[in-house]
Amino acid sequence: MNWITNFVRPKLQAFVGKKEVPDNLWETCPKCSQMLLKRELENNSFVCKHCDHHFRISAKQRLSFFLGNNFMVMDTPKVKADPLKFKDNKKYSDRLKEAQKKNSTYDSVIVASGTIEKKKVTVAIFDFNFMGGSMGMAAGEAIVTACNYARNNNLPLIIFSSSGGARMQEGILSLMQMPRTVIAVNSLSKTNLPFISVLTDPTTGGVSASFAMLGDIIIAEKDATIGFAGSRVIEETIKEKLPQNFQKSEYLIEKGMIDIVVHRKELNKKISDIIEFLT
Amino acid sequence: MQNFLDFEKPLLDIQSKMEELRHLKDNSENIANELSNLQEKFDKKLSEIYKELTPFQKVKVCRHQDRPKFDDLVSKIFDKSEYLSGDRLFADDTSLKGCLAKIGNKKFLVIGNDKGKDIDSRVKNNFGMAKPEGYRKAQRLFNIASKFNLPIVTFIDTPGAFPGVEAEDRGQSEAIATSIKKSLMVRSPIFSFVVGEGGSGGAVAMGMGNKVVMLEHSIYSVISPEGCASILWRSINHSEKAAENLKLTAQDLLDLEVIDEIIKEPIGGAHRNVNETCDLIKDCLERITEEFENMTPEEIILHREKKYLEIGNKFMEN
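Position labels on residues start from 1 in each chain and follow its written sequence. To label them, take the chains in the order written and letter them from A, then take the ligands in the order written and number them from 1. This being a predicted model, a pLDDT of at least 70 is required before a residue's local features are given, and a value of 80 or more before pairs of side-chain atoms are given or counted; all residues contribute to the totals for chains, interfaces and linings. Calculation of side-chain values draws on the structure's entire complement of heavy atoms; hydrogens and water are dropped beforehand.

(A) Region of the structure containing the overall build of chain B. Looking only at helices and strands, chain B features 14 helices and 8 strands. Each radius of gyration reported is based on C-alpha atoms, and the globular scaling rule is 2.2 Å times the count of residues to the power 0.38. Whereas a compact globule of 318 residues would reach a radius of gyration of roughly 20 Å, chain B reaches 21 Å, a difference of no more than 12%. Along the first, second and third principal axes, the C-alpha set of chain B runs to 70 × 50 × 45 Å. The buried label applies to any residue whose accessible area, calculated with a 1.4 Å probe on protein chains only, is under 20% of its type's maximum; exposed applies above 50%, and partly exposed to all values in between. Across the 318 residues of chain B, 59% fall into the buried class. The way it works is that DSSP assigns letters per residue, a run of H or I at least four long becomes a helix, a run of E at least two long becomes a strand, and they are numbered from the N terminus.

(B) Expanded view of the interface of chain B and chain A. Residues count as neighbours in contact if any of their non-hydrogen atoms are within 4.5 Å of one another. The interface of chain B with chain A comprises 46 residues on the first partner and 48 residues on the second. In this assembly, chain B packs against chain A so that about 4200 Å² is buried in total across both faces, 73% of it on carbon and sulfur atoms. Only one rule defines a salt bridge in this text: a Lys or Arg side-chain nitrogen within 4 Å of an Asp or Glu carboxyl oxygen. Across the contact surface, chain B and chain A share 2 salt bridges. For the side of chain B that touches chain A, the secondary structure elements donating two or more residues are helix H7 (165-169), helix H8 (172-184), helix H9 (200-204), strand S7 (219-221), helix H10 (225-233), helix H11 (239-246) and helix H14 (297-310) of chain B. Element by element, the count of residues in the side of chain B that touches chain A is highest for H8 of chain B, at 9 residues. Values labelled buried area give the accessible surface lost by two parts on being combined, using a 1.4 Å probe and summing over both.

(C) Quick look at the pairing of strand S2 (residues 96-103) of chain B. Residue and element names in this part refer to chain B. Across the 8 residues of S2, 6 count as buried, placing the element largely inside the fold. Two strands are said to pair when DSSP picks up at least two bridges between them. For strand S1 (residues 80-84) and S2, the ladder comprises 5 bridges, and the chain directions are antiparallel. When the sheet's bridge partners are listed, Leu84 is paired in S2 with Gly98. Pairing between S2 and strand S3 (residues 106-113): 8 bridges, direction antiparallel. Among the inter-strand pairings, Leu100 is bridged to a residue of S3, identified as Leu109.

(D) A look at the sheet that holds strand S8 (residues 217-221) of chain A. Residue and element names in this part refer to chain A. An order of S3-S4-S5-S6-S7-S8-S9 is seen for the 7 strands of this open sheet, with the pairing classed as mixed. Taken across any chain shown, the strands that pair with only one partner, and hence form the sheet edges, are strand S3 (71-73) and strand S9 (260-262). Adjacent strand axes in the sheet meet at a mean angle of 25° when their direction is disregarded. As paired strands, S8 and S9 are joined by 3 bridges and run parallel to one another. Bridge assignment links Glu221 to a residue of S9, and that residue is Val262. Lines fitted to C-alpha atoms define the axes, with helix axes restricted to the stretch in contact, and inter-axis angles between N-to-C directions lie between 0 and 180 degrees.

(E) Inspection of the pairing of strand S5 (residues 119-126) of chain A at higher detail. Residue and element names in this part refer to chain A. Of all 8 residues in S5, 7 are buried; the element is thus mostly enclosed. As defined by bridge partners, strand S4 (residues 109-116) adjoins S5 across 8 bridges and the pair is classed as antiparallel. Following the sheet pairing, Val109 is matched in S5 by Phe126. What sits between S4 and S5 in their antiparallel hairpin is a turn of 2 residues, with Glu117 showing a positive phi close to 45°. Where S5 lies against strand S6 (residues 157-163), 4 bridges are found, and the strand directions are parallel. Counted as the bridge partner of Ala124 is Ile159 from S6. The handedness of a crossover follows from its direction of travel: if, with the strands pointing away from the viewer, the path from the first strand over the helix to the second runs clockwise, the crossover is right-handed. In this region the chain leaves S5, passes through helix H5 (residues 137-152) and returns to the parallel neighbour S6; the handedness of that crossover is right-handed.

(F) Spotlight on the nonpolar core. Only buried Ala, Val, Leu, Ile, Met, Phe, Trp, Tyr and Cys residues count toward a nonpolar core, and they belong to the same one when joined by side-chain atoms within 4.5 Å. Of all hydrophobic cores here, the largest spans 109 residues; its most connected members are Phe211 of chain A together with Tyr220 of chain B. Top element by residues in this core is H5 of chain A. It accounts for 9 residues. Setting aside chain neighbours within four positions, we find Tyr220 of chain B in contact with Ile172, Leu175 and Met176 of chain A together with Val194, Gly198, Ala203, Val204, Met214, Leu248 and Leu253 of chain B.

(G) Representation of the domain arrangement of chain B in the model. All names here are of chain B. Residue ranges labeled as domains rest on an automatic or database domain assignment. Splitting chain B by domain gives domain 1 (6-52) and domain 2 (59-315). Summarising the inter-unit geometry, the C-alpha centres of domain 1 and domain 2 are found 36 Å apart. Contact residues are listed per partner, giving 7 residues for domain 1 and 8 residues for domain 2. Both sides together, the interface formed by domain 1 and domain 2 hides about 610 Å², and carbon and sulfur atoms give 62% of it. In this structure, the connection of domain 1 to domain 2 is made through 2 salt bridges.

(H) Up close: the environment of Gly202 of chain B. Residue and element names in this part refer to chain B. By the element assignment, Gly202 lies in helix H9. Residue Gly202 is classed as buried on the basis of its relative accessible area of 0%. Sequence separation of Gly202 and Ala130 is 72 residues, and the distance between their C-alpha atoms is 7.4 Å.

(I) Looking closely at the environment of Val258 of chain B. Take Val258 of chain B: it is sitting in the loop between helix H12 (250-255) and strand S8 (261-263). Note: C-alpha distance between Val258 of chain B and Asn273 of chain B (15 residues apart in sequence) is 27 Å. Apart from residues lying up to four places away in sequence, Val258 of chain B is in contact with Ile172, Leu173 and Met176 of chain A together with Leu253, Lys307 and Ile311 of chain B.

(J) Focus on a negative patch on the surface. All names here are of chain B. Residues Asp79, Glu276, Asp279, Asp283, Glu286 and Glu290 make up a contiguous surface patch of negative charge. Relative to the helices and strands, Asp279 resides in helix H13 (residues 274-291). Given a relative accessible area of 43%, Asp279 falls into the partly exposed group. Patch construction takes residues with relative accessible area above 30% that form no salt bridge. Like charges are linked within 9 Å, and nonpolar side chains (Val, Leu, Ile, Met, Phe, Trp, Tyr) are linked within 5 Å. A 1.4 Å probe and the Shrake-Rupley method give the accessible areas. Residues count as covered only by the protein chains that appear here. Charge convention: Lys and Arg are scored as positive, Asp and Glu as negative, and His as well as the terminal groups of each chain are ignored. To locate a charge, take atom NZ for lysine, CZ for arginine, CG for aspartate or CD for glutamate.

(K) Summary view of H8 of chain B. All names here are of chain B. Here a helix's expected span is defined as the number of its residues, less one, multiplied by 1.5 Å. Here H8 is 13 residues long and its end C-alpha atoms lie 19 Å apart, about the 18 Å a rise of 1.5 Å per residue gives. Judged by how many residues are buried, H8 sits mostly within the fold: 10 of 13 residues are covered. Listed in full, the buried residues belonging to H8 are Gln172, Ser173, Ala175, Ile176, Ala177, Thr178, Ser179, Ile180, Ser183 and Leu184.

(L) Expanded view of the side chain of Asn103 of chain A. Structurally, the position occupied by Asn103 of chain A is in helix H4 (residues 92-103). Leaving out residues up to four positions away in the same chain, Asn103 of chain A has contacts with Lys60, Asp127, Asn129 and Phe130 of chain A.

(M) A look at the confidence of the model for chain B. pLDDT runs from 0 to 100 and stands for how confident the predictor is about each residue. In this model, chain B carries a mean pLDDT of 95, and residues with pLDDT of at least 70 account for 99%. The complex model carries a pTM of 0.93, and its ipTM stands at 0.95.

(N) Structural context of the packing of aromatic side chains. All names here are of chain B. Only centres within 6.5 Å qualify two rings of Phe, Tyr or Trp (six-membered ring in Trp) as a pair; their planes then separate them into stacked at under 30 degrees, edge-to-face at over 60, and tilted for everything else. A full pass over the atoms with the stated rule returns 11 aromatic pairs over all chains. Ring centres 6.4 Å apart and planes at 55° place the aromatic pair Phe7 and Tyr50 in the tilted group. With a gap of 43 residues between them, Phe7 in the segment before helix H1 (9-23) and Tyr50 in helix H2 (residues 29-51) connect regions that are remote in the sequence. Looking at Phe7, the relative accessible area reads 14%, which means it is buried.

Here is the structure:
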């Protein structure tokens, strides 16, 4: 810092006005490193046109890809913030507020109803951008809400998971969302309403080890990482290199863990077809 | 010789002195007096230390290698038992055991983790970390209990489900999810006892009790303090802070209304008196079994579902 930066720059800025920096127009594909025009990428459902890499997308983007403009977002029960008064380097309540501000959503799961190819459905979508899509009390309540709505209105249920697992900052209360969400989806198995579980990148931990693996039909989006333990933890435990493609959708279908692997652009059609078969 | 934990150093010092005195083989009154003084000091210190264990000290106590293990619990609580094995699909996972068991005329089906007692059994039992075949064996036993109307007792003591390639390949997630689902559908009552380490999803898979009871110094957590510290603090050195923040002690869980009851451990922890610990568990089991004797299967299932759906209610905004 010297007097020029301290004095001249603010004056200059006040004079010419703050420079508008346009959002970066380009995105680099993390898989093939090709440069992609952002607008083009968006028009291509956030799939790399060179290598077919599926970018992670927000719950809101997912919602509009899936239900277009015609949907109703539901209110889900609110939680008194930070039941454990959890604090690491930062307070959990602050982290939560930050995430809410950044994503303009209440928590990691959005619940909505709408139509897909003229079929009415209930949908719950995890947002990985919201604290890693972690499942705490609010997310658990959202899944319960979605299941109740589907059951009361006789609608198929589709849950798009994208989550690192249970939210550590809510401790045992987040762990207890595993049985709570299992009870919720289980209540549909007493009806003839389909529950389609769509696993997107990444679905791991307490989410994959609860309702997400209990779908009547389990679809994995292409290229997603799906598993119980994180690959780093496994590598540290067994101290050897992991198999190629380990925990990827294409690996899981070979192991018999899921029904179908689907490209993002074909997802709507596939889900609609399955609903058609089951209802 | 007992295995002392790091914070039990004052006890180790007293014990060493006592052993030195005993070594003298001197029967004089002086020595006898000194020995009884030391014993008194030891007992006092022991109860002092155990009265105020920190969460991380409890983590160490609940992992103590001499803590009662599955075979101890079965042989000391029940009069008769018949071990059952295998998942009928792949293998028998000895980290998760099961048996038919009786107290007097009362019949039970018992399922529990077994961390192992010595190096060989610990390695064989994968340190208590079950693989999918373990959870699928549990599911098979849940079905037997449901069919023959046997109350289920689960003893939980696991660091968590095994994180490994073969476990993933055989569907660790599905195995845990289905265990939770199937245990919630069991037509007989389930009584879950966290006797040591209640580690994450691996514990939940066996912990869907109509009653969940914890031993005084056991823990139940979404993640190990070490795992939490390495993710949130980026260093395992912060495990102690993580243990405090996670609210993982039996006392915390009772406050949060996640568990129903705490069984007080003998002074100095369950590992210092396995027989007494088992007696206390037995008393509790006999008492809570009675509460469910006149309930129908439908009422039992509903009781369980309601219990879990209500967890966390006090933290919801109205």
